[in-house]
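Per-entry structural report
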Amino acid sequence: MLAATSTLWEKQDKHSGDRARLFRVIGAHTQAERVLYPGSYVDVAPSFVFPQVTYVDVDRRSAAFFRDSAGVREIIAANPPSPAEPEFEFFHQDYTQPLDVPDASYDLLVSLYAGFISQACVNKLRIGGLLLANASHGDAAMASMDDRFRFVGVVILEDDNYRVETNHLDAYLQQKKSTTITRAGLREWGKGLTYTKSAFAYLFERTN
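What this report covers is the structure whose coordinates are included nearby. (Residues numbered from 1 in each chain as written. Predicted model: local features only at pLDDT ≥ 70, side-chain atom pairs only at ≥ 80, totals over all residues. Heavy atoms only, no water.)

Attention now moves to the nonpolar core. Ranked by internal contacts, the top residues of the largest apolar core, which has 33 residues, are F23, V44, F65, L108, L132 and V155. Setting aside residues up to four positions removed in sequence, L132 forms contacts with F23, I26, L108, L109, V110, S111, V155, A201, Y202 and L203. (Core = buried A, V, L, I, M, F, W, Y, C linked by side-chain atoms within 4.5 Å. Buried < 20%, exposed > 50% of the residue type's maximum accessible area, 1.4 Å probe, protein only. Contact = heavy atoms within 4.5 Å.)

Once that is clear, we can look at the environment of G71. Positionally, G71 belongs in helix α4 (residues 69-77). Once the C-alpha coordinates of G71 and E205 are considered, the two residues, 134 residues apart in sequence, prove to be 34 Å apart. Those residues in contact with G71 that lie beyond four places of it in its chain are M1 and T5. (Helix = DSSP H or I, 4+ residues; strand = E, 2+ residues; numbered from the N terminus.)

Applying the stated criterion across every chain yields a total of 8 salt bridges. E205 is paired through a salt bridge with R150; the nearest N and O atoms lie 2.5 Å apart. On the criterion of sequence distance, the pair formed by E205 in strand β8 (residues 201-206) and R150 in strand β6 (residues 149-158) is long-range, its members being 55 residues apart. Among the salt bridges present, the one from E158 reaches R163, with a minimum N-O distance of 3.2 Å. Assessed through its relative accessible area of 46%, E158 is described here as partly exposed. (Salt bridge = Lys/Arg side-chain N within 4 Å of Asp/Glu carboxyl O.)

Bringing the sheet that holds strand β4 (residues 106-111) into the picture now. The 8 strands lie next to each other as β3-β2-β1-β4-β5-β8-β6-β7, forming an open sheet whose pairing is mixed. Both edges of this open sheet fall to β3 (87-92) and β7 (161-165), since each of them pairs with a single strand only. The mean angle between the axes of side-by-side strands here comes to 20°, regardless of whether they run parallel or antiparallel. Across the sheet, helix α2 (residues 18-30) touches β1 (34-38), β4, β5 (125-133), β6, β7 and β8, and the angle it forms with β7 is around 25°. Against the sheet, helix α3 (residues 60-67) makes contact with β2 (52-57) and β3, and its axis sits at roughly 150° relative to β3, the strand it touches most. (Pairing = 2+ DSSP bridges. Axes fitted to C-alpha atoms, helices over the stretch in contact; angles between N-to-C directions.)

Right, dumping it as structure tokens:
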């Protein structure tokens, strides 16, 4: 493993094992095989769980990281139980530009702290596939207003552990302020909304 690869991963994994715990819980819930992770930076934790992952990021440090494919595989192997033969690819580009991957070919689309991925990449998610989105930059709110998605679960973080809940979802995604927010307004605002009851992240199923 190149020294730069190790350094980038150590910084990414500064809360040791946090993302690994998140994606293991998501993997147990979704049974997904193919994952698309736009805005990934160097977060390879999905590859600890899922057999095929496509990473996308415009940052040049990400490109250098993934060029060291042997080093990335070493990181994955050091985090069991990882897939026996993990497959991953990296696109060094802006995810809002066309991605050279088949439409409707992914089981899980990941949107964490990277903007309106639900809008830019929805066509890559199969019908019945899941979007994992947090409230940062407003993408969870955006997905909740999009009739291509159905809200199906929340990811709760408690005492450094994650769990998925699928019951009593009416309590979530309720704004503290009664101001009407549209999708266009949310794009202009570019921030997450404040909810009366919040979760670490939200799960949406693509319905059409």
